[in-house]
Amino acid sequence: MTTTPTRPQTLLARPGEPAYVEATATYNLAAPLHPAAAVVARSSADVVAAVRAAREAGLAVRSQTTGHGAGAQASLADTLLVRTAFDAPVRVDPAARTARVPAGTTWAAVVAAAEPYGLAALHGSSPTVGVVGYLLGGGLSFYGRRFGVAANHVRSITVVLADGREVETSAEVEPALFWALRGGGGGFGVVTEVEVELVEMNLVVTGGTFWDAADAAVVAPLWEAWTTTAPPEVATSLRLMNLPPLPGVPPVLVGRQVLVLDGAAQAPTVDDVERAQAVAHDLLDPLRSVATPLLDTWHPAPPSALTLTHLDPPDPMPYAGESALLRTLGAAGVAGFLEAAGPGSGTTIVAAELRQLGGAFGAPDRTGGAFDRTDAAFAYQGLGLATPETAEDLDRITTATAPWRTGFTAPSFVEGRRQQQRTSDDATVARVEAVRRAVDPDGVFAGGVAPVLDRPARA
Ligand SMILES: Cc1cc2nc3c(=O)[nH]c(=O)nc-3n(C[C@H](O)[C@H](O)[C@H](O)COP(=O)(O)OP(=O)(O)OC[C@H]3O[C@@H](n4cnc5c(N)ncnc54)[C@H](O)[C@@H]3O)c2cc1C
């Protein structure tokens, strides 16, 4: 009996089919994706087959993991969307302090795999963010003031290219592509695995202090002044929040705007816990003394606790956001930010955040990627439900923070397509584009390039 080989196009699910629904699901419910076809790839072989099938069908190719970044996706017409969700575990090598992470993995799984060895990964604030998308955008971690941009600690990235080849890139193999992948804005291929360095981390002193937003006028300037001299082993975020009454949100924080200061001080070994606690006290005690908190949760904990500190919602939500890198704000910058986002501003957005940078975030990295550092003092991020009111609120903060903007955004914080999202200087943009043309001359992945309004058009 002869068998007819399956035509590759039958891999591709079409609208309405269960695999299509699974592949196109997004964490950001305000950014539904409507590709011409979709695939859930469970292995590298699936990715290779999908890329070949797309090319045979004349489709472009785009990828996603969780859909946290779906708001930044351009139209997916005539495009195959590959969702990477590999059936493979995270593999930690405790002696080498590395982890091999299959595509589709979220940070929670890497943190859980590393913790038994006294190790931590340079994850972001949310356990549900995908490792690949975060690292392709550089990655700003609460550990970053000590270790720098997370992508500087990537050892290798394995990627399926437009010609169907799977290549493991590193500082030694395909170094130009390895460089461009890390913060270059995407459009190179489908990543199937990353190898990351882990850092020694037995404990963190982590938590949040919450005040009524009316106290922001006295607390925020003190915090901002502290950030200018803070040691690198501590990192914080200051947010004005209008918290929805979701499970897990303490009732005392609902129904009013609150000011939240959260983050972590690091204790690489158990002997470092006292110092980490002292660092946290040096920050918090003066702030607690000028205004009584509503809630105070800082405590020593294993590193996995840090994935929950920031209270990022675990379930999908319809949101819109904007982000920008800011210089040192000083009293005038803080006052402008509070006027636009604080009490009396009438804002309804869920969070207006100043994420503390500085320290190693500003250090160049010899083996780093296209986004290997930022001299900014803060990453601002505004996030709200996707409504016209949110857009107005975000615009007001954009105007208020204009004098302090560096003109750049961190690539991992690019949330949408409506505002300026420049992530690199002209020389870097040109160098990345040259790599893109070399690995993808037909532009199969070109639609996945992150939105940068002044990026040179592809010829
Ligand atoms: C609640 C929340 C908290 C966050 N916290 C932080 C933080 O602390 N620090 C920080 O730096 N960022 C943070 N981010 C931003 C986050 O890192 C980016 O949105 C990131 O792109 C999400 O990656 P993802 O894979 O989960 O999302 P996806 O939307 O699935 O992917 C985003 C992009 O990554 C690319 N991509 C994903 N998978 C692949 C693949 N297999 N191959 C090739 N390309 C791929 C695609 O270009 C895709 O469009 C946060 C975002 C949210 C929503």
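Please read all numbers here as calculations on a predicted model, not as lab measurements.

Each value, and the rule that gives it
Counting restarts for each chain: residues are numbered from 1 in the order of the written sequence. The predicted origin of the model limits local features to residues at a pLDDT of at least 70 and limits the giving and counting of side-chain atom pairs to 80 or more, whereas totals for whole chains, interfaces and linings rest on all residues. Calculated side-chain values reflect all of the structure's heavy atoms, with hydrogen atoms and water omitted. A cavity here means a set of 1 Å grid points, computed over protein atoms only, where a 1.4 Å probe fits but cannot escape. A pocket is an open set with protein on both sides within 12 Å along at least 5 of 7 lines, and lining residues have an atom within 4 Å of a point. Grid points are joined across faces, edges and corners, and a volume is the space filled by probe spheres set on the points. Each residue gets one label: Ala, Val, Leu, Ile, Met, Phe, Trp, Tyr, Cys and Pro are nonpolar, Asp, Glu, Lys and Arg are charged, and the others, such as Gly, are polar. Angles here are taken between N-to-C directions and fall from 0 to 180 degrees, while the axes themselves are lines fitted to C-alpha atoms, restricted in helices to the stretch in contact. Numbering of helices and strands starts at the N terminus; helices are DSSP runs of H or I of at least 4 residues and strands are runs of E of at least 2. Throughout, the term roughly parallel applies to angles under 35 degrees, roughly antiparallel to angles over 145, roughly perpendicular to angles from 65 to 115, and oblique to all others. Throughout, a crossing is termed right-handed when the near helix is turned clockwise from the far one, and left-handed when it is turned anticlockwise from it by less than a right angle. The criterion used for residue contact is that any of the two residues' heavy atoms lie within 4.5 Å. Two distance rules govern patches: like charges are joined within 9 Å, and nonpolar side chains (Val, Leu, Ile, Met, Phe, Trp, Tyr) within 5 Å, applied only to residues with over 30% relative accessible area and no salt bridge. Reported accessibility uses the Shrake-Rupley method at a 1.4 Å probe radius. Residues are deemed covered only where the shown protein chains occlude them. A pairing counts as a salt bridge when a side-chain nitrogen of Lys or Arg comes within 4 Å of a carboxyl oxygen of Asp or Glu. Three labels apply to residues, based on accessible area from a 1.4 Å probe with only protein chains included: buried if under 20% of the type maximum, exposed if over 50%, partly exposed otherwise in between. A pair of strands is considered paired only if DSSP assigns at least 2 bridges between the two.

1. As for empty space enclosed by the protein
If you walk through the whole model with that rule in mind, you get 3 cavities of 30 Å³ or more. Taken together, Trp107, Ala121, Leu122, Leu135, Ala150, His153, Val154, Val196 and Glu197 make up the full set of residues lining the second largest cavity. Broken down by class, the residue content of the lining of the second largest cavity amounts to 7 nonpolar, 1 polar and 1 charged.

2. What about the packing of helix 7 (residues 216-227) against helix 8 (residues 273-290)?
When two helices pack together, their arrangement is given by the angle between the helix axes and the distance between those axes. Between helix 7 and helix 8, whose axes approach to 9 Å, the crossing angle comes to 160°. In terms of orientation, helix 7 and helix 8 fall into the roughly antiparallel class. Considering how the two elements wind past one another, helix 7 and helix 8 form a crossing that is right-handed. Seen from helix 7, the contacting residues are Val218, Val219, Leu222, Trp223 and Trp226; seen from helix 8, they are Leu283, Pro286, Leu287 and Val290. Among the residues making up the contact of helix 7 with helix 8, the classes are represented as 9 nonpolar, no polar and no charged.

3. Some remarks on a nonpolar patch on the surface
On the surface, Val218, Leu222 and Val290 cluster together into a nonpolar patch covering about 220 Å² of accessible area. We classify leucine 222 as partly exposed; its relative accessible area is 37%.

4. Here's the deal with the sheet that holds strand 8 (residues 166-170)
The antiparallel open sheet is built from 5 strands, whose spatial order is 4-5-9-7-8. Only two strands of the sheet have a single neighbouring strand rather than two, namely strand 4 (91-93) and strand 8. Ignoring strand direction, the axes of neighbouring strands in this sheet form an average angle of 15°. Bridge analysis of strand 5 (residues 98-102) against strand 9 (residues 190-197) gives 5 bridges, and the strand direction is antiparallel. Residue pairing in the sheet places alanine 99 in a bridge with valine 196 of strand 9. Packing against the sheet, helix 2 (residues 44-56) makes contact with strand 7 (154-160), strand 8 and strand 9, and its axis sits at approximately 145° to strand 9.

5. Some words on the packing of helix 9 (residues 330-341) against helix 10 (residues 388-401)
The N-to-C vectors of helix 9 and helix 10 enclose an angle of 165°; their axes lie 9 Å apart at closest approach. Of the possible angle classes, the one that applies to helix 9 and helix 10 is roughly antiparallel. Of the two possible hands of crossing, helix 9 and helix 10 adopt the one that is right-handed. The segment helix 9 lies against helix 10, with Gly336, Phe337, Ala340 and Ala341 engaging Arg396, Ile397, Ala400 and Thr401. A class-by-class count of the residues in the contact of helix 9 with helix 10 yields 5 nonpolar, 2 polar and 1 charged.

6. Things to note about unusual backbone geometry
At aspartate 78, a position not held by glycine, the phi torsion is positive, near 55°. In this structure, aspartate 78 sits in the loop between strand 2 (60-64) and strand 3 (79-84). For aspartate 78, a relative accessible area of 55% corresponds to the exposed category. For glutamate 174, which is not a glycine, the phi torsion comes out positive at approximately 50°. Structurally, glutamate 174 can be placed in the loop between strand 8 and helix 6 (175-181).

Nothing here speaks to function; it is geometry throughout.
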